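Working through the structure, step by step
Here is what each chain is made of, one letter per residue.
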Amino acid sequence: MAMEKTFNAAEAEGRLYNAWEKAGCFTAGANAKPGASTYCIMIPPPNVTGVLHIGHAFNNTLQDILMRWKRMQGFDTLWQPGTDHAGIATQMVVERKLAETGQPSRAELGREKFLEKVWDWKAESGGTIINQLKRLGASCDWDREAFTMSGAPGAPADVAGGNFHDAVLKVFVEMYNKGLIYRGKRLVNWDPHFETAISDLEVENIEVAGHMWHFKYPLAGGATYEYVEKDEDGNETLRETRDYISIATTRPETMLGDGAVAVHPSDERYAPIVGKLCEIPVGPKEHRRLIPIITDDYPDKDFGSGAVKITGAHDFNDYQVAKRGGIPMYRLMDTKGAMRADGDSYDAAATIAMAVAKGEKTLSVPEADAVNLVPEDIRGLDRFEARKLVVQQITDEGLAVMTTETTTVKDEDGNTSEVTQTVPYVENKPVMQPFGDRSKVVIEPMLTDQWFVETDKIVGPALDAVRDGTVKILPESGEKTYYHWLENIEPWCISRQLWWGHQIPVWYGPDGTHFCAVTEAEAVELARDHYQSRYHDSEEQYAERDDATNAIIAAAYKSDPIALTRDPDVLDTWFSSGLWPIGTLGWPDNTPELEKYFPTSTLVTGQDILFFWVARMMMMQLAVVDQIPFDTVYLHGLVRDAKGKKMSKSTGNVMDPLEIIDEYGADALRFSSAAMAALGGVLKLDMQRIAGYRNFGTKLWNAARFAEMNGVFEDDVTAWSGEQLTQTANLWIIGETAKVREEVDAALESFRFNDAANGLYAFVWGKVCDWYVEFSKPLFGAEDAAAVAETKATMRWVIDQCLIMLHPIMPFITEELWGELGDREKMLVHADWPTYTAADFVNADADREMNWVISVIDQIRSVRAQMGVNAGAKIDVVVNDITDQNRAALKSNEALIFKIARVVSMTEVDAFPKGTATVAVDGATLGLPLADIIDIDAEKARLEKGLGKLAKELGGLRGRLNNPKFVASAPDEVVVEARANLAAREEEEAKIQAALNKLAELD
């Protein structure tokens, strides 16, 4: 049955994928040769709430290319799939669904009932992205699909992935017992909407319109000093007596929690007042707080006033200064981002803070946190409402820094005049503000109690593994980033104030003692041992303790049940996903998969999670099982649009991979992904290129149809298998096939996906579908039966090799052709990857001859196009200075050259006639007599007009790029686009000039 005229991707892709799955083609170990080495990739687990976006499509295409390639090579492969429970994202999705359907809220349901709703949602919608990955062609072992909450309380029995939950809890307990996890009060990103700590990766820093207020902090007791400013040469430019120090802030509401004002040690302007106290200019006057003026390297003396307020509980930079200087950190807000309304009165709190400022009292971090320094009239206000009130109160008291402002006003008659007035100094300027990526509210740096990993105790082996080459990070620039992060690592906050997630395995006694264990029963036993060993039942001690503690001690002695309270927080999803390699393979059980596939081989992931996931996996696996999790990390950047701009909904340039697949097919999207995956390069997804790669698939399909119509795949034709060939074209094409096989393998071995894709594109389209198809036509029409049979066998082998080598990148169309073109022992997905080399197959004489013929045809075509020769016109060609070897090649391939280059004769001459365009090829010079074929003057005019138009474009582009202001201020993608346009225009200019030079020859 004859092949269809075109490949119907929409019909074929689902059918082929189902066939692969039904045949178990993706199962771990499928197609492995006896004694094969293992090759394992862990999929970066997408959020269970997710849908396939272009970044997923790109990332998973690269992984699939590697897996299909290694599987065809006969490795024992495992591509481990699964999803992340995505704590905050999933909780948000389910809460939103409850609201939309009129169901009780999370708070109304309570924790247990709410989690039942989450599991219901997971069963109903949690597999969306997995099905979408299948549409892309991802060849994961789906029978092993893992989930980072499998085995958790309430999980349905059919949830995939074993018991990841117990593995997570076991690691927490082990690390806690080793002193690697602790609870403490540190500054974190706080999301007031979700009322939880979030990671840096969940914070979007967005430039918004903002304000910088300038305020006076009066010196205590009315003290004064001489404030002197000098220029770069040391000349005095300003001297005045001041009784204040000036600071600037974008968040005036946080002034209430200031612990100090800091200046740089080298700032001579403030040297007279360092060590003195100044007054915070807000709050009840009778309890106005004093804070010290200190020195620290953090302030920039050339920025603003050079003095900065230090609010350690609400700013990450201030937090470090406060830690260094022993400055108390006073928290001002509650979990909803409102000003605190708890604790003692303001006057009592201010009295404590004043004693601290004067050195009369010290506070521990928890003690400072208990002090509420929000005045009564501000307590309970939203933080942004409090900001307005604080600014108003300071301004009303005359403690705003003032400046003069001139405005133009009109009177009743329309006459204008200028009015100068003194106004508070407020700069209207853009500021970078942190927003929650899901809540879209402003994130507040907040001092809260959290669980932390003591990362400085586990970071060493992770650094050493990269330094000594045990683990390779590509591109190499990723290693520098890795070192920078890990050498400056801070404790890792691993707790989240959510309900959906791995609940922290810590239980508390009534006296606050905590007990860490995998189960509550184990925690109770720890508590029993603790209270029995620590407390003795004497009357004096009994009287000193509270009733709840005495009750639990009594229960401990009597072996009665002990009531403990579990920590309500859950673990950060990065903590559980940090165990992804071992957790998905069955750890802590010593499963066959863990023994076989761990450590894994290659991790393909985005450079944006190098620290958040990759580095943490390194640290966690080394800390838990003392082994690296993978040997190679391939990092890629964000996929951008064709102009290099970041994709965003607001910009309107987001591309939906499923829509692309619907229109162009999965193979075209996959090939585009591979072709743009230059190591360390910018990833620009261009719809025109995707359309071009669909055309590439069509080109391959048509070549296969040509072969079929010429009987290449008939039953009596056996593919060439290495026997001696006689026809030059056949000798040449098998050599070209061997060259590209080596090229593709070398590229994939070094993760140069773009080189593999581009090499295959040039070979399949150019060498096979164009040149070899043309070269074969006279052979198929030859009277020599042996030549025909040889060409059929060769073409059958060559097309099969094209399908095999293209399969990892374009699995669908190649698998369809594989089945269409003959009866096969096995599907293409399990075909043997070739190992032949150029040394095996390249025939030097055939290689030289056919590549010379191709260069002749290409050069003739090029000159025809340059000179504007009508495409249908047949021309004469004259030749001189030709070698004997090339003369023979010309004679052997004359008919081919005539047909493809549209030439009617090729004659040797001693000298070229006037009006001949010349072109040099290796071992000959060709001439195209065109004076009587084209209108030289008209062609010159056309080209010169184009050159003039280009000159204007080039002038504009060069002017922009030579302007330092444009290069410095324009967005990076705009500058890159301008440079690319300049290069393209310059190349076009060079081509036109070359054509004009050739026309000059004709004259």
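You'll find the structure just up there.
Residues numbered from 1 in each chain as written. Predicted model: local features only at pLDDT ≥ 70, side-chain atom pairs only at ≥ 80, totals over all residues. Heavy atoms only, no water.

1. Comments concerning helix α30 (residues 884-892)
Within α30, burial applies to N886, A889 and L890. The buried residues of α30 all sit within an arc of 100° when viewed along its axis, so they share a single face. Projecting away from the buried face of α30 at angles above 90 degrees are the exposed residues D884, K891 and S892. If you follow the buried residues of α30, they end up packed against α29 (844-866), α31 (894-901), β31 (903-908) and β33 (924-929). (Buried < 20%, exposed > 50% of the residue type's maximum accessible area, 1.4 Å probe, protein only. Helix = DSSP H or I, 4+ residues; strand = E, 2+ residues; numbered from the N terminus. Arc of directions from axis to C-beta. Contact = heavy atoms within 4.5 Å.)

2. Observations concerning the nonpolar core
Counting residues in each nonpolar core, the largest one holds 206 residues, and the members touching the most others are F172, Y482, F575 and I860. For this core, the element with the most residues is helix α25 (residues 753-780), which contributes 14 residues. Apart from residues lying up to four places away in sequence, Y482 is in contact with A462, L463, V466, I473, L610, A615 and M618. With 37 residues, the next largest nonpolar core counts V188, Y227, I378 and L399 among its residues. (Core = buried A, V, L, I, M, F, W, Y, C linked by side-chain atoms within 4.5 Å.)

3. As for unusual backbone geometry
Residues apart from glycine generally show negative phi values, whereas peptide bonds are mostly found in trans. With an omega dihedral of 15°, the bond running from W587 to P588 counts as a cis peptide bond. By secondary structure assignment, the location of P588 is in the loop between α18 (580-584) and α19 (592-597). Omega for the bond connecting F598 with P599 falls within 30 degrees of zero, at 0°, which places this linkage in the cis form. One can find P599 in the loop between α19 and β26 (602-606). The phi angle at F751 is positive, at roughly 60°, despite the residue not being glycine. For F751, the location among the structural elements is in the loop between α24 (728-749) and α25. You can call F751 buried: its relative accessible area is 9%.

4. Things to note about the pairing of strand β32 (residues 916-921)
Looking at chain direction, β32 and β33 are connected through 6 bridges and run antiparallel. Within the sheet, the bridge partner assigned to T916 lies in β33 and is P929. In textbook terms, the turn of a hairpin is the stretch between consecutive antiparallel strands, and for β32 and β33 this stretch comprises 2 residues, one of which, G923, has a positive phi near 75°. (Pairing = 2+ DSSP bridges.)

5. A word on the environment of D166
Within the secondary structure, D166 sits in helix α7 (residues 164-177). Separated by 722 residues in sequence, D166 and A888 have C-alpha atoms that sit 77 Å apart. A polar side-chain atom of D166 sits 2.8 Å from a polar atom in the side chain of N163. (Polar contact = N/O pair within 3.5 Å; in protein donor to acceptor, adjacent residues only side chain to side chain.)

6. Thoughts on the packing of aromatic side chains
If you walk through the whole model with that rule in mind, you get 39 aromatic pairs. Seen in terms of ring centroids, Y17 and F26 are 5.4 Å apart; in terms of plane orientation they differ by 55°. Their pairing is tilted. Per residue, the accessibility class of Y17 equals that of F26, and both read buried. Following the ring pairs from residue to residue traces out a cluster consisting of F172, Y176, W451, W492 and F575. For R68, the ring lying beneath its charged end belongs to W20, and the centroid distance is 4.5 Å. Positioned above the aromatic ring of W818, the side-chain terminus of R824 is 3.8 Å from the ring centre. (Phe/Tyr/Trp six-rings, centres within 6.5 Å; stacked < 30°, edge-to-face > 60°. Lys NZ or Arg CZ within 6 Å of the ring centre and 35° of its normal.)

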